[in-house]
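One-letter residues, chain by chain:
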Amino acid sequence: MLKFHVDLHTINPENNTQDIKFHTIVDAENAESAQQLAMTVLEKEHPGLNPCASWEWSVYEFPMG
């Protein structure tokens with residue numbers, strides 16, 4: 001497993017004054033899995049938030065060492 005830092009910073013398209021900021025650290029096999037795990041964490045922490053396909057996620061792998 002690799003460790004990833006996943007960031008989300010976007011404007012909610014339903015209400016463009018609502019700025020959404022979120023970050024988490026997850027263990028995953030690859031960047032795609034890390035983003036999916038981050039979405040799961042986001043849904044648990046903010047259950048009323050409706051994810052949008054236009055959201056931009058940034059996924060950074062921690063260097064091995």
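Residues numbered from 1 in each chain as written. Predicted model: local features only at pLDDT ≥ 70, side-chain atom pairs only at ≥ 80, totals over all residues. Heavy atoms only, no water.

**Some points on the overall build of the chain**
1) Next: A count of helical and extended segments in the chain gives one helix and three strands.
2) Next: Here the chain holds 65 residues, and 26% of them are scored as buried.
3) Next: Counting contacts in the chain only where the partners sit at least 6 residues apart, residues at least 24 apart contribute 52% of the total.
4) Next: Total accessible area computed for the chain in this model is approximately 4700 Å², and 50% of it derives from carbon and sulfur atoms. (Helix = DSSP H or I, 4+ residues; strand = E, 2+ residues; numbered from the N terminus. Buried < 20%, exposed > 50% of the residue type's maximum accessible area, 1.4 Å probe, protein only. Contact = heavy atoms within 4.5 Å. Areas by Shrake-Rupley, 256 points an atom, 1.4 Å probe, with all protein chains shown as cover.)

**Focus: the nonpolar core**
1) Next: Among the nonpolar cores identified, the biggest contains 14 residues, and V6, L8, L42, W55 and W57 are the most heavily contacted of them.
2) Next: Listed by contribution, the elements that provide at least two residues to this core are β1 (2–11), β2 (19–28) and α1 (31–45).
3) Next: Residue contacts for L42: discarding those within four places in its chain leaves L8, F22, L49, W55 and W57. (Core = buried A, V, L, I, M, F, W, Y, C linked by side-chain atoms within 4.5 Å.)

**Observations regarding the side chain of T24**
1) Next: Among the structural elements, T24 can be located in strand β2.
2) Next: Other than its neighbours up to four places away in sequence, T24 contacts F4, H5, V6, A38 and V41.

Function cannot be inferred from these measures alone, as they are strictly geometric.
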